[in-house]
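Coordinate analysis (summary)
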Amino acid sequence: MSFPRLQGLVPPLVTPLRSSEPRTSVAAGPDELDRDGLDRLIAHVVAGGVHGVFALGSSGEGPSLSHRLQREVVTATCDAVAAGERRVPVLIGVTDTSAEETVALARHAADCGADAVVLAPPYYFPAGQTELRQYVERLVAAIPLPVMLYNMPSLTKVVFETETLEALAGLDSVVGVKDSGGDLDYFARLIELKNRVRPDWSVLIGPESKLVEALRLGSDGGVCGGANVFPKLFVRLYEAAVAGDEAAVARLQEQVERLGRMYEIGKYASRHIKAMKSALSLRGICGDALAEPFNKFLPPERAKVAAILEGLDREWVE
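Now for a quick tour of the structure. All figures in this text were calculated on a predicted structure; none of them were measured in a lab.

Considerations on the pattern of salt bridges
Where charged atoms from two side chains of opposite charge come close, those side chains can pair. This model, assessed by the stated rule, comprises 19 salt bridges. A salt bridge links Arg5 to Asp220, with the shortest nitrogen-to-oxygen separation between them at 2.3 Å. Of this pair, Arg5 sits in the segment before β1 (8–9) while Asp220 is found in the loop between α8 (211–217) and β10 (221–222), placing the two residues 215 residues apart along the sequence. With a relative accessible area of 36%, Arg5 lands in the partly exposed category. Here Arg133 makes a salt bridge to Glu137, at a shortest N to O gap of 3.2 Å. One end of the pair is Arg133 and the other is Glu137, both in helix α4 (residues 129–142) and four residues apart, which spans about a single turn. Residue class for Glu137 comes out partly exposed when judged on its relative accessible area of 30%.

Some details on the pairing of strand β5 (residues 90–93)
Burial along β5 is two-sided: Val90 and Ile92 facing one way and Leu91 and Gly93 facing the other are all buried. Pairing between strand β4 (residues 53–55) and β5: three bridges, direction parallel. Bridging across to β5, Val53 finds its partner in Val90. After leaving β4, the chain enters helix α2 (residues 67–83) and then returns to the sheet as β5, a path that is right-handed. As a crossover connection, the stretch from β5 through helix α3 (residues 99–112) into strand β6 (residues 116–119) is right-handed.

What about the sheet that holds strand β9 (residues 202–205)?
Spatial strand order, β1-β10-β9-β8-β7-β6-β5-β4: eight strands in an open sheet with parallel pairing. Of all the strands in the sheet, the pair left with one neighbour each is β1 and β4. Bridge analysis of β1 against β10 gives two bridges, and the strand direction is parallel. Bridge pairing links Leu9 to Gly222 in β10.

A short note on the pairing of β9
Burial along β9 is two-sided: the face carrying Ser202 and Leu204 and the face carrying Val203 and Ile205 are both buried. With four bridges connecting them, strand β8 (residues 174–179) and β9 associate as parallel partners. Along β9, the bridge assignment pairs Val177 with Val203. Each parallel crossover has a hand, and for β8 linked through helix α7 (residues 184–197) to β9 it is right-handed. When β9 meets β10, the two strands line up parallel, connected through two bridges.

Observations regarding the packing of aromatic side chains
Inspection of the entire model under this criterion finds two aromatic pairs. On the numbers, 4.8 Å between centres and 90 degrees between planes, the contact of Tyr124 with Phe125 is edge-to-face.

Some points on the state of the cysteines
Evaluated as defined, the whole model comprises zero disulfides. Here Cys78 stays unpaired: no disulfide links it, and the sulfur of Cys112, its closest cysteine neighbor, is 5.2 Å away.

Looking at the side chain of Asp179
Relative to the elements of secondary structure, Asp179 occurs in strand β8. Although Asp179 is buried, it forms no salt bridge, and the closest oppositely charged side chain is Arg189 at an N-O distance of 8.9 Å. Discounting residues that sit within four places of it in the chain, Asp179 has contacts with Asn151, Tyr186, Phe187, Leu190, Leu204, Ile205, Gly206 and Pro207.

Conventions adopted
Residues numbered from 1 in each chain as written. Predicted model: local features only at pLDDT ≥ 70, side-chain atom pairs only at ≥ 80, totals over all residues. Heavy atoms only, no water. Salt bridge = Lys/Arg side-chain N within 4 Å of Asp/Glu carboxyl O. Helix = DSSP H or I, 4+ residues; strand = E, 2+ residues; numbered from the N terminus. Buried < 20%, exposed > 50% of the residue type's maximum accessible area, 1.4 Å probe, protein only. Pairing = 2+ DSSP bridges. Right-handed = clockwise from strand over helix to strand, strands pointing away. Phe/Tyr/Trp six-rings, centres within 6.5 Å; stacked < 30°, edge-to-face > 60°. Disulfide = S-S within 2.5 Å. Lys, Arg positive; Asp, Glu negative; His and termini not counted. Contact = heavy atoms within 4.5 Å.

Laid out in structure tokens, this is it:
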């Protein structure tokens, strides 16, 4: 099972949706994929120089989508990338509370031409580390694609402890780890594990504000939500950090931090996705509808996002 070590910037794609407006009841109409919006989004990030795309992650609202809609997203993402001017690796999030549904979605991803799947611990009932290791071992045996493990303890309530990852490193088809825990001491232990046991692994950081620090620790790249909106900014930051251009890193990091202020708008945990979708809507790339039960930003919050984008547009220098 071949999967070259993934390096660079991989945006966790939002999922453009068409939702019934105003929402009166679930029966009024299910969320539907905005395929044209997804095509525009993928063209936008690929033109921005990204090194891969990741669909159905947290930013893509994967766990909030029906299994029908998840499959549509996988099909449409693979089709759009294959039809584009530049082919990049396609990663698909397959995390579910049901092992059967996880495997079924992974097999659909393989049928559609995806390159790898991304697997977090099943959420709701927290698994112990022995159970988690055995669970991954069983799933990997049934999944026909390379598997990247996804540490996201704030949402799954379970950490992939480094001892568990070392045991799973014996599985050839486990090809790396995406870490969104935000703990750089933990991340440093992942890099040590990679260097000692699996130098072929890709170890990617999730929180975009920590991209540069992670690269200095030895990360292979980042899965940065803001790259949905400003892909060139994050690609340039990655390139500058790898090249050791500290002046460019300082300038670009400051812009990333300014963009990150949009995540502070609103008061609910869903504000991160709301901000990204609002920004993409203001860019004319896709709409800002979210999956149930979440609402999009209202005009006052949307205006704050617009002000951040306008400030960055005035000063953006490639």
